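The residues making up each chain are set out below.
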Amino acid sequence: MSTTRIILICSGKGGVGKTTTTANLGIALARRGVNTVVLDADFGLRNLDLLLGLENRIVYTAQEVLAETCRLEQALVKHKQEPNLALLPAGNPRMLEWLTPKDMKAIVALLEESFDYVLIDCPAGIEAGFKNAAAAAREAVVVTTPEVAAVRDADRVIGLLNTQGVSPVQLVLNRVRPKMMSTQDMLSVDDVTDILALPLLGLVFEDEQVIVSTNRGEPLTLGPANSPAAQAYTNIAGRLQGDDIPLMDPAKARQGLRAKMRKLMQTKIF
Amino acid sequence: MELILEVRRVITLYLPDRRLQHWRDALPDLLTSCPAGRLDLHCGDWSLTCTDLRDLQRILEVSGRQIHRLETTVPETVVSAAAIGLEGRLWGDSPPDAARESPSPRSLMVHQGTLRSGDHFQSDGSLLVVGDVNPGARISAAADVMVWGRLRGVAHAGRDGATGAKIVSLHLRPLQLRIASVVARGPEDQPVAGMAEQARLVDGEIVIEPADPQSMART
Ligand SMILES: Nc1ncnc2c1ncn2[C@@H]1O[C@H](COP(=O)(O)OP(=O)(O)O)[C@@H](O)[C@H]1O
Ligand SMILES: [Mg+2]
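These numbers were taken from a predicted model, which means no experiment stands behind them.

Colleague: Account for the overall build of chain B, with residues named and values stated.
Modeller: Within chain B one finds 5 helices and 17 strands. Classification of the 219 residues of chain B by burial places 47% in the buried group. The contacts of chain B with a sequence gap of at least 6 include a subset with a gap of at least 24, amounting to 41%. Only carbon and sulfur atoms are counted for the fraction: they give 53% of the accessible area of chain B, which is about 10,800 Å².

Written as structure tokens, this is what we have:
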């Protein structure tokens, strides 16, 4: 078995940030110098290519590679600014039915030969799409938001991953709003980890820069790490590689914000 | 449609051992760790007179507590209780119908590890989970359900109609409880930390009370 890390990015619930996490983590890992490929297994609602700004460069998909109508190198789309990152769409949206767990294993076996990290962007749900995407995964990152429904679905997915022997399974808590947490209008970090009982790989704050960058097709981690979310993804990449980076503390982030506001007010007054 | 009841949390106050301390001396201390509300009074083998019981009632009432029911091993205490209008039960003679309908613990199934949302673990006998039962997970058994961990999902004991079946957990905060055909919403308040609790059927109502090791040994 190779030492390639094959990591499923999944959540159960849709719209919690799997694709955003895959794209930013892919860039962050590539920037650290590791050969990374992101595999879009959510090809029914394909948008990993969009987030990475690579939509117009896709010619082939993994399906053509397995059918031997093209070589793997031809189907891989290299990122413009980050040569260490490549994208492989598993299929195209009109061919939903073709992928089986066997196909998935075959694709990943090919990718394993030339990459250190394979990140698999998983579709929402727990049906066939999820099972296919998970078929070749060795480890997983479960993305959730501090909402009851998202946590419930994440819990379900973790149960399924456990039965498939995927390990380790780690947690990314996305769209954290320190203010709402402090007023208990949102589940706290402890509430979430208390139920899911997974090691916390990272916290990503709610950050409008995420939406701006999504629309531009330039993941946040490409730019300077001056937005909270960009810093968070960079930290997650570090922790994945074994760096010991302390977690952000929502309570401190809030104090920081208040201190900044106070300073701003003072400069205006004087 | 099933009628969904609300569970009632029972508070139990145990009088001290007669050989160690007089109940009058022990009461102030006992009350500091006992929440207000209706409570079951376990009198042990104290032989209490009507005057004793009236005094007890008065002491409890000024601190916002009412005696709901009284249990004792001494017949005289039951008589005194009846005389002042309290419901008393002689310990040891549990209601015959409950005994008859207690499920036979044919087998004990054990699950080790957390049950997560969507999991459903079942047993034809009793069931023991060594781990947590998360919200969204379900456990059901023909006899008793025991969770050596936190119960936050849905639990059903006495699935085939055994009204004597119990649900026991170290941390009882279920979404919903079912015993035989009775369904109840879980309690809103947090359980007392570090104290095992049990749910059982009393007069067609699911009540939650501190876990009773005696009754667990019986089944
Ligand atoms: N940390 C964040 N702050 C603000 N918006 C976010 C954040 N993470 C994700 N989003 C937004 O949430 C939406 C869903 O994200 P996406 O990654 O597509 O979810 P999924 O792949 O799980 O369906 C997108 O519009 C994205 O921009
Ligand atoms: Mg997506």
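Colleague: Residue-level account of the overall build of chain A, with values.
Modeller: Across its full length, chain A holds 12 helices and 8 strands. Relative to the compact-globule value of 18 Å for 270 residues, chain A shows a C-alpha radius of gyration of 19 Å, a close match. Its C-alpha atoms put chain A at 70 × 40 × 35 Å along the principal axes. Across the 270 residues that make up chain A, the buried fraction comes to 53%.

Colleague: Describe the pairing of strand S4 (residues 37-42) of chain B, with residues and values.
Modeller: Residue and element names in this part refer to chain B. When strand S3 (residues 11-14) meets S4, the two strands line up parallel, connected through 4 bridges. Within S4, the position partnered with Ile 11 by the bridge is Leu 39. As for the winding sense of the linkage, the β-α-β connection from S3 through helix H1 (residues 23-32) to S4 is right-handed. Sheet topology note: the S4/strand S5 (residues 65-72) ladder contains 6 bridges and is parallel. Considered in S5, the bridge of His 42 is made with Glu 71. Following the chain from S4 across helix H2 (residues 50-62) to the adjacent parallel S5, one finds a crossover that is right-handed.

Colleague: How would you sum up the pattern of salt bridges? Please name residues and give values.
Modeller: Under the defined criterion, the tally for this structure stands at 24 salt bridges over all chains. One salt bridge in this structure joins Arg 31 of chain A and Glu 82 of chain A, with 3.6 Å as the shortest N-O distance. With Arg 31 of chain A in helix H1 (residues 18-31) and Glu 82 of chain A in the loop between strand S3 (77-78) and strand S4 (85-89), the pair connects residues that are 51 residues apart, well separated along the chain. Given the relative accessible area of 46%, Arg 31 of chain A is considered partly exposed. The partner of Asp 194 of chain A in a salt bridge is Arg 150 of chain B, with the nearest N and O atoms 2.5 Å apart. Here Asp 194 of chain A is found in helix H9 (residues 189-196), whereas its partner Arg 150 of chain B is found in strand S11 (residues 145-151) on a different chain. Within this structure, Asp 194 of chain A together with Asp 132, Arg 150 and Arg 152 of chain B form a network of salt bridges that share partners.

Colleague: Kindly report on the nonpolar core, identifying the contributing residues and their values.
Modeller: All names here are of chain A. Counting 54 residues, the largest nonpolar core has Leu 8, Leu 88, Leu 111, Ile 120 and Leu 161 as the members making the most contacts within it. Every residue in contact with Leu 8, bar those within four places of it in the chain, is listed here: Ile 120, Cys 122, Phe 130, Ala 133, Ala 134, Ala 137, Glu 139, Ala 140, Val 141 and Leu 161. Formed by 37 residues, the second largest nonpolar core is a distinct cluster that contains Ile 7, Ile 9, Leu 51 and Val 143.

Colleague: A description of the interface of chain A and chain B should follow, citing residues and the corresponding values.
Modeller: By a frequent convention, interface size equals the accessible area lost on bringing the separate parts together. Facing the 11 residues of chain A at the interface are 9 residues of chain B. Of the roughly 840 Å² buried between chain A and chain B on both sides combined, carbon and sulfur atoms contribute 38%. It is Arg 152, Asp 155 and Ile 195 of chain A that lose the most area in chain A upon contact with chain B, and together they represent 54% of the buried surface on that side. Applying the counting criterion to the chain A and chain B interface returns 3 salt bridges.

Colleague: Describe the domain arrangement of chain B, and please don't skip the residues or the numbers.
Modeller: The domain architecture assigned to chain B consists of domain 1 (10-90) and domain 2 (104-216). Computed from C-alpha coordinates alone, the two centres of domain 1 of chain B and domain 2 of chain B are separated by 29 Å.

Colleague: Lay out the site of ligand 1 in plain terms, naming residues and giving numbers.
Modeller: Residues and elements named next belong to chain A. Near ligand 1 lie 16 residues; those nearest to it are Gly 15, Lys 18, Thr 19, Thr 20 and Arg 175. Between ligand 1 and Thr 20, the relevant distance is 2.5 Å, taken from an oxygen atom to a side-chain nitrogen or oxygen of the residue. With respect to ligand 1, the backbone of Asp 207 contributes an N or O atom lying 3.0 Å from a nitrogen atom. Protein coverage of the free-state accessible area of ligand 1, which is 570 Å², stands at 83%. At the level of elements, H1, strand S7 (169-176), strand S8 (200-205) and helix H10 (208-216) are the ones that each hand at least two residues to the shell around ligand 1.

Colleague: Can you lay out the pairing of strand S5 (residues 117-121) of chain A for me, pointing to particular residues and giving the numbers?
Modeller: Residue and element names in this part refer to chain A. Judged by how many residues are buried, S5 sits mostly within the fold: 5 of 5 residues are covered. As judged from the 5 bridges shared by strand S1 (residues 5-10) and S5, these two strands associate in the parallel manner. Among the inter-strand pairings, Ile 6 is bridged to a residue of S5, identified as Val 118. Inspection of the sheet shows strand S2 (residues 36-40) paired to S5 by 5 bridges, in the parallel sense. Its bridge partner being in S5, Thr 36 is matched across the sheet by Tyr 117.

Colleague: With reference to specific residues and values, describe the environment of Thr 19 of chain A.
Modeller: Residue and element names in this part refer to chain A. Positionally, Thr 19 belongs in helix H1. As for Thr 19 and Cys 122, which are separated by 103 residues in sequence, their C-alpha atoms are 8.1 Å apart. Not counting the four nearest positions on each side in its chain, Thr 19 is found in contact with Asn 47, Leu 48, Leu 51 and Asp 121.

Colleague: Report on the packing of H1 of chain B against H2 of chain B, specifying residues and quantitative values.
Modeller: Residues and elements named next belong to chain B. Relative orientation of the contacting elements H1 and H2 amounts to 20°, with a least axis distance of 12 Å. The angle between H1 and H2 places the two elements in the roughly parallel class. Note that H1 runs across H2; the crossing there is right-handed. In this structure, H1 contributes Trp 23, Arg 24, Leu 27 and Leu 31 to the contact, and H2 contributes Asp 52, Asp 55, Leu 56, Ile 59 and Leu 60. Here the contact of H1 with H2 is composed, by residue class, of 6 nonpolar, no polar and 3 charged.

Colleague: Outline helix H7 (residues 148-163) of chain A, listing residues and values.
Modeller: Residue and element names in this part refer to chain A. The terminal C-alpha atoms of H7, which comprises 16 residues, lie 23 Å apart, in line with the 22 Å expected from a rise of 1.5 Å per residue. Among the residues making up H7, those that are buried are Ala 150, Val 151, Ala 154, Asp 155, Val 157, Ile 158, Gly 159, Leu 160 and Leu 161. Contact partners of the buried residues in H7: S1, helix H6 (128-134), strand S6 (139-144), S7 and H9.

Analysis parameters
- Residues numbered from 1 in each chain as written.
- Chains lettered and ligands numbered in written order.
- Predicted model: local features only at pLDDT ≥ 70, side-chain atom pairs only at ≥ 80, totals over all residues.
- Heavy atoms only, no water.
- Helix = DSSP H or I, 4+ residues; strand = E, 2+ residues; numbered from the N terminus.
- Buried < 20%, exposed > 50% of the residue type's maximum accessible area, 1.4 Å probe, protein only.
- Contact = heavy atoms within 4.5 Å.
- Areas by Shrake-Rupley, 256 points an atom, 1.4 Å probe, with all protein chains shown as cover.
- Rg over C-alpha atoms; globule rule 2.2 N^0.38 Å.
- Pairing = 2+ DSSP bridges.
- Right-handed = clockwise from strand over helix to strand, strands pointing away.
- Salt bridge = Lys/Arg side-chain N within 4 Å of Asp/Glu carboxyl O.
- Core = buried A, V, L, I, M, F, W, Y, C linked by side-chain atoms within 4.5 Å.
- Buried area = accessible area lost by both parts, 1.4 Å probe.
- Domains from an automatic or database assignment.
- Near = heavy atom within 4 Å.
- Polar contact = N/O pair within 3.5 Å; in protein donor to acceptor, adjacent residues only side chain to side chain.
- Axes fitted to C-alpha atoms, helices over the stretch in contact; angles between N-to-C directions.
- Parallel < 35°, antiparallel > 145°, perpendicular 65-115°, else oblique.
- Left-handed = near helix turned anticlockwise from the far one by under 90°.
- Nonpolar A, V, L, I, M, F, W, Y, C, P; charged D, E, K, R; others polar.
- Expected span 1.5 Å × (residues − 1).

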